[in-house]
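Take a look at the letters that make up each chain.
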Amino acid sequence: QVQLVESGGGLVQPGGSLRLSCAASGSIFSIYAMGWYRQAPGKQRELVAIISSTGGSTNYADSVKGRFTISRDNAKNTVYLQMNSLKPEDTAVYYCNARLGPMDYWGKGTLVTVSS
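Residues numbered from 1 in each chain as written. Predicted model: local features only at pLDDT ≥ 70, side-chain atom pairs only at ≥ 80, totals over all residues. Heavy atoms only, no water.

Q: Summarise the overall build of the protein chain; cite the residues concerned and give the values.
A: Within the protein chain, the secondary structure is distributed over zero helices and eleven strands. In summary, the protein chain has a C-alpha radius of gyration of 13 Å against a globular reference of 13 Å for 116 residues, a match within 12%. Its C-alpha atoms give the protein chain principal-axis dimensions of about 40 × 25 × 20 Å. Burial status across the protein chain gives 38% buried among its 116 residues. Taking all contacts inside the protein chain whose residues are at least 6 apart in sequence as the whole, residues at least 24 apart take part in 53%. Taken as a whole, the protein chain presents about 6000 Å² of accessible surface, with 50% of it coming from carbon and sulfur. Taking the 11 positively charged and 7 negatively charged side chains of the protein chain as two groups, their mean positions are separated by 2 Å. (Helix = DSSP H or I, 4+ residues; strand = E, 2+ residues; numbered from the N terminus. Rg over C-alpha atoms; globule rule 2.2 N^0.38 Å. Buried < 20%, exposed > 50% of the residue type's maximum accessible area, 1.4 Å probe, protein only. Contact = heavy atoms within 4.5 Å. Areas by Shrake-Rupley, 256 points an atom, 1.4 Å probe, with all protein chains shown as cover. Lys, Arg positive; Asp, Glu negative; His and termini not counted. Charge placed at Lys NZ, Arg CZ, Asp CG, Glu CD.)

Shown next as structure tokens:
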């Protein structure tokens with residue numbers, strides 16, 4: 001089993017930047033594809049970005065393309081989400097996800113609030 005702990009959320013002004021981290025433990029991190037999802041109040045959880053186990057492939061939601069960057073450091077068992085040019089509509093709880101075939105693990109989330 002994989003345990004995931006997100007950190008780095010907080011309050012930021014529109015146009016600002018924030019870097020989220022997700023630390024994994026309990027299993028072999030490098031074999032899992034990783035993703036960031038978010039859930040805004042009253043909305044369904046949506047995919048933000050995913051990265052393959054090696055880091056060689058990434059995909060982003062259209063709403064964050066060009067602004068967010070997902071990366072991973074397998075030596076540190078950590079995946080990151082660099083968020084730039086933040087908008088109020090980015091406000092959400094951001095969740096880290098680890099996936100290997102049918103296996104699916106989630107962190108508890110970290111709140112990002114974009115407001116002036």
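After that view, the rundown keeps rolling.
Q: For the pattern of salt bridges, give the residues involved together with the corresponding values.
A: If you walk through the whole model with that rule in mind, you get five salt bridges. Asp62 is paired through a salt bridge with Lys65; the nearest N and O atoms lie 3.1 Å apart. Of the residues examined, Asp62 reaches a relative accessible area of 64% and is grouped as exposed. Between Asp90 and Arg67 there is a salt bridge whose closest N-O contact spans 2.8 Å. Here the residue Asp90 occupies a position in the loop between β8 (78–83) and β9 (92–100), and Arg67 occupies one in the loop between β6 (58–60) and β7 (68–73), the gap between them amounting to 23 residues. As far as burial versus exposure is concerned, Asp90 and Arg67 are alike and both buried. (Salt bridge = Lys/Arg side-chain N within 4 Å of Asp/Glu carboxyl O.)

Q: I'd like to hear about the packing of aromatic side chains, residue by residue, with values.
A: In this structure the tally under the stated criterion is two aromatic pairs. Seen from their ring centres, Tyr32 and Tyr105 are 6.1 Å apart, and the 75 degrees between their planes marks the pair as edge-to-face. Residue Tyr32 is located in the loop between β3 (18–25) and β4 (33–39), and its partner Tyr105 is located in strand β10 (residues 103–106); the two are separated by 73 residues in the primary sequence. This pair shows no difference in class: Tyr32 is buried, exactly as Tyr105 is. Seen in terms of ring centroids, Tyr37 and Trp106 are 4.9 Å apart; in terms of plane orientation they differ by 65 degrees. Their pairing is edge-to-face. Taken together, the residues span a long stretch of sequence, with Tyr37 in strand β4 and Trp106 in strand β10 at a distance of 69 residues. Judged by its relative accessible area of 12%, Tyr37 falls in the buried class. Its guanidinium or amino end placed over the ring of Tyr95, Arg45 lies 3.9 Å from that ring's centre, counting from NZ or CZ. Directly above the aromatic system of Trp106 lies the positively charged group of Arg45, at a separation of 4.6 Å from the ring centroid. (Phe/Tyr/Trp six-rings, centres within 6.5 Å; stacked < 30°, edge-to-face > 60°. Lys NZ or Arg CZ within 6 Å of the ring centre and 35° of its normal.)

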